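Letter by letter, the chains look like this.
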Amino acid sequence: MSTWHTTAHFIAHPPPVDWRDDLARRIGRRPRRVGLWTELAMYGARCCLDAAGEAALPAGARIRVASQRGAWGATHAGLTQLDAGLPMPFTFMQSQPALMLAEVGRCLEWWGDASFALCRDAARTLQLAKLGAARDGLLFGIVEEERHGEPPRTEWWRLVPA
């Protein structure tokens with residue numbers, strides 16, 4: 001499948017002031033113990049699916065998430081706590097991309113093929129994500145925390161084969 005159709009594109013760069021309240025309303029609960037980066041991913045994915053007019057991501061669709069730094073805030077906090085001599089900090093789990101993927105799937109009520117890539121070139125990562133994708137298509141996101149004055153970003157595309 002080489003031709004794709006974008007059914008929705010959602011970008012929040014920066015997210016609106018009340019984005020966390022909006023996320024809780026959209027998924028029917030407040031996320032707990034997941035960290036900022038994961039919440040940004042959940043928010044963008046849910047908003048993109050809503051924009052596509054889909055109540056749920058089809059079972060055969062895949063999710064791909066890209067980032068230049070991943071959950072940097074949680075990673076940094078965990079390393080700082082570890083350096084202070086504390087036992088493995090809870091924030092260590094928040095730094096793991098697998099937790100983000102599980103929470104995004106959970107907020108979409110979806111279980112399937114999901115992966116994360118640290119990357120500098122999101123367009124190439126998207127090309128790779130399309131390879132072998134099934135008829136149910138792809139939900140592709142780029143999620144970045146705030147960095148050097150650049151605001152947080154969550155950008156998602158819902159793509160289906162044309």
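Below or above, wherever it landed, is the structure these notes cover. Keep in mind the model is a prediction, meaning the values are calculated, not measured. Chains are numbered independently. Their residues run from 1 in the order of the written sequence. The predicted origin of the model limits local features to residues at a pLDDT of at least 70 and limits the giving and counting of side-chain atom pairs to 80 or more, whereas totals for whole chains, interfaces and linings rest on all residues. Water and hydrogen atoms play no part in the side-chain values, which are based on all heavy atoms of the structure.

Some remarks on the overall build of the protein chain
Part 1 of the reasoning: Scanning the protein chain from N- to C-terminus turns up 6 helices and 5 strands.
Part 2 of the reasoning: Helix and strand assignments come from DSSP, with helices taken as H or I runs of at least 4 residues and strands as E runs of at least 2, each series counted from the N terminus. When the helices and strands of the protein chain are listed from N to C terminus, the series reads β-α-α-β-α-α-α-β-α-β-β.
Part 3 of the reasoning: Working definition: with a 1.4 Å probe on protein chains only, accessible area under 20% of the residue-type maximum means buried, over 50% means exposed, and in between means partly exposed. Of all 162 residues assigned to the protein chain, the portion counted as buried reaches 46%.
Part 4 of the reasoning: Residues count as neighbours in contact if any of their non-hydrogen atoms are within 4.5 Å of one another. Across the protein chain, contacts joining residues at least 24 apart in sequence account for 72% of those joining residues at least 6 apart.
Part 5 of the reasoning: Shrake-Rupley sampling with a 1.4 Å probe provides the accessible areas, and residues are treated as covered by the protein chains on show and by no other component. With the model as given, the accessible surface of the protein chain reaches about 8,600 Å², and the carbon-plus-sulfur share is 54%.

Some details on the side chain of Arg46
Part 1 of the reasoning: Inspection of the secondary structure puts Arg46 in helix H2 (residues 36-51).
Part 2 of the reasoning: By relative accessible area, Arg46 is classed as buried at 6%.
Part 3 of the reasoning: Apart from residues lying up to four places away in sequence, Arg46 is in contact with Arg26, Ile27, Glu54, Ala55, Cys107 and Leu108.

Remarks on the nonpolar core
Part 1 of the reasoning: Residues enter a nonpolar core if they are buried and are Ala, Val, Leu, Ile, Met, Phe, Trp, Tyr or Cys, with the set joined through side-chain atoms within 4.5 Å. Among the nonpolar cores identified, the biggest contains 29 residues, and Leu57, Ile63, Val104, Leu108, Leu139 and Trp156 are the most heavily contacted of them.
Part 2 of the reasoning: Elements supplying a minimum of two residues to this core: strand S1 (4-12), helix H1 (19-27), H2, strand S2 (62-67), helix H5 (97-107) and strand S4 (138-144).
Part 3 of the reasoning: Looking at this core, the element that brings in the most residues is H2, giving 9 residues.
Part 4 of the reasoning: Residue contacts for Leu108: discarding those within four places in its chain leaves Ala45, Arg46, Leu49, Ala56, Leu57, Ile63 and Leu139.
Part 5 of the reasoning: In terms of nonpolar packing, the next biggest core, distinct from the first, is built from 11 residues, Trp4, Ala129, Leu138 and Trp157 among them.

A word on the environment of Thr7
Part 1 of the reasoning: Among the structural elements, Thr7 can be located in strand S1.
Part 2 of the reasoning: Judged by its relative accessible area of 33%, Thr7 is partly exposed.
Part 3 of the reasoning: Separated by 46 residues in the primary sequence, Thr7 and Gly53 have C-alpha atoms spaced 8.7 Å apart.
Part 4 of the reasoning: Leave out the neighbours within four places in its chain, and Thr7 touches Ala51, Ala52, Arg158 and Val160.

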